[in-house]
Amino acid sequence: MSIISNLIYTVKHNLYTGYQRRKLKACITSINSMQRKDYASLINGSSLSPDEINAINKRWGFLAGNEEICHDDWRIYKTINQFNADYVSFSLYSAYIVPLLNHAKHTHALADKTLLPYIFNGLAQPETILRCVAGIFFDSADNIVPHEKAKEILEGQREMFLIKPANDTYGGNGITIIDPNSEGGVNNSLINNILHTRTSFIIQRKLTQSPFMSALNESSLNTMRITTVLLPDKIVPVSAQLKIGKSGALVDNSAHGSIFVGINQDGTLRQYGVHRDLIPSDEQNGIKFGGLKVPNFDKVLDFAKEAHLHIAPCQIVGWDIALDENNKPVLIENNIICPSITYEQATSGPFFGSYTDEIIDYLKFKSVNN
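Student: Tell me what's going on with the sheet that holds strand 2 (residues 136-139), and back it up with residues and numbers.
Tutor: Two orientations exist for strands paired in a sheet by backbone hydrogen bonds: parallel and antiparallel. Read across the open sheet, the six strands follow the order 3-2-1-6-4-5; overall the sheet is antiparallel. Edge strands, defined here as strands with exactly one partner in the open sheet, are strand 3 (144-145) and strand 5 (176-178). As paired strands, strand 1 (residues 128-133) and strand 2 are joined by four bridges and run antiparallel to one another. Within strand 2, the position partnered with Cys-132 by the bridge is Phe-137. Strands in contact with helix 8 (residues 147-155) are strand 1, strand 2, strand 3, strand 4 (161-165) and strand 6 (201-205); relative to strand 1, the strand with the most contacts, it is inclined by about 150°. Relative to strand 6, helix 9 (residues 188-197) is tilted by about 135°, and along the sheet it contacts strand 1, strand 2, strand 4, strand 5 and strand 6.

This is the structure in structure tokens:
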């Protein structure tokens, strides 16, 4: 009987492995096609020498095999800056690196925004007004409340608030900002729409941000994207970006005209940032980046590393962190399904920076022992 069971397991495993490989190939093909469409001019702006291609393959071939590597990303970054084999292609990153570090069985649960107040208990977060989990409402004190009480809570709001779906809010997708003082205010139709059409969501009060952040763009909450990696002996911040919204925009996402600017270790901004098209710019809303410095940036990095301890099963996390009116870090959300790397590399160089060798060695270990 055990021989038959082992045989069945082997067949299932081989079928599943083949299925996963087909999925990976389809994923990589899709990503590469998308990049060729979005960044054609940058890809065509540079060519790679045989030595450069060999350097890339030597660096990253262990993930997929040299024949599977598309070299378009290195051409993009060479056009923007200069060649460096340490850059990471988005297709290899999303198809191989992130799955090695963040297992899907953890990411979908730990990314649920309705759980963030619990998962990150003790860390500063925007004030929660109301949560809906699978159609059940909870107030700010985590008491279960009936529909009518949830309606009363929303009717009583006098300040701006945000409604965030539990999942899939990449690029600000699905997030709604409500101003009770605007024309129409919080009327019955709006409230009924909120309470009846969303299965799981969280409603939070809009954060009053730091004077430094507000000066960059007052209309949007401008956040920092800090990416940390959990290694066997430490948590390291590998990338830091400041996202600045476009004047008049309510969010700081790239789809709404924001710009990503690299942040140096000492908190100073790099001279150039990039918009969605990856074309460098030295200003946003008429404000030059050179010479600006993020307040309390050392505390922001410590905050990100402390937050990572709360979700250790995920080893790479992109944190969206704001500064409150007292320049203290506040957690807005965690990005663990596939934290971004394209804007980061376009402004700040290879994603893993000085930790590239160490992280590659760890990925090799994970790929054998996962």
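There's more to say after this.
Student: Tell me what's going on with the pattern of salt bridges, and back it up with residues and numbers.
Tutor: Within this structure, the stated rule accounts for 12 salt bridges. Across the salt bridge formed by Arg-205 and Glu-127, the nearest N and O atoms sit 3.1 Å from each other. Of this pair, Arg-205 sits in strand 6 while Glu-127 sits in the loop between helix 7 (116-119) and strand 1; the two residues are 78 residues apart in sequence, bridging distant segments of the chain. Look at Arg-205 and you get buried, because its relative accessible area is 18%. Residue Asp-142 is joined to Arg-131 by a salt bridge in which the shortest nitrogen-to-oxygen separation is 3.3 Å. One end of the pair, Asp-142, is in the loop between strand 2 and strand 3; the other, Arg-131, is in strand 1, and 11 residues separate them in sequence. Residue class for Asp-142 comes out partly exposed when judged on its relative accessible area of 35%.

Student: Describe in detail helix 11 (residues 297-308), supporting the description with residues and values.
Tutor: In this model helix 11 runs 17 Å from its N-terminal to its C-terminal C-alpha over 12 residues, within 8% of the 16 Å that 1.5 Å per residue would give. All buried positions along helix 11 are accounted for by Phe-297, Val-300, Leu-301, Phe-303, Ala-304, Ala-307 and His-308. Along helix 11, the residues classed as buried sweep out an arc of 160° about the axis, all on the same side. Its buried side turned inward, helix 11 meets strand 7 (223-231), strand 8 (234-244), strand 9 (259-263), strand 14 (316-323) and strand 15 (329-335).

Student: Give me unusual backbone geometry: which residues, what numbers.
Tutor: Glycine aside, residues mostly have negative phi, and peptide bonds are mostly found in the trans state. Look at Ala-134: it is not a glycine, yet its phi comes out positive at around 55°. Inspection of the secondary structure puts Ala-134 in the loop between strand 1 and strand 2. By relative accessible area, which is 59% here, Ala-134 ends up exposed. Phi at Asn-327 takes a positive value of approximately 65°, unusual for a residue other than glycine. Within the secondary structure layout, Asn-327 lies in the loop between strand 14 and strand 15. Classification of Asn-327 by relative accessible area gives partly exposed; the value is 21%.

Conventions and cut-offs
- Residues numbered from 1 in each chain as written.
- Predicted model: local features only at pLDDT ≥ 70, side-chain atom pairs only at ≥ 80, totals over all residues.
- Heavy atoms only, no water.
- Pairing = 2+ DSSP bridges.
- Helix = DSSP H or I, 4+ residues; strand = E, 2+ residues; numbered from the N terminus.
- Contact = heavy atoms within 4.5 Å.
- Axes fitted to C-alpha atoms, helices over the stretch in contact; angles between N-to-C directions.
- Salt bridge = Lys/Arg side-chain N within 4 Å of Asp/Glu carboxyl O.
- Buried < 20%, exposed > 50% of the residue type's maximum accessible area, 1.4 Å probe, protein only.
- Expected span 1.5 Å × (residues − 1).
- Arc of directions from axis to C-beta.

Taken by themselves, the reported measurements are silent on function.
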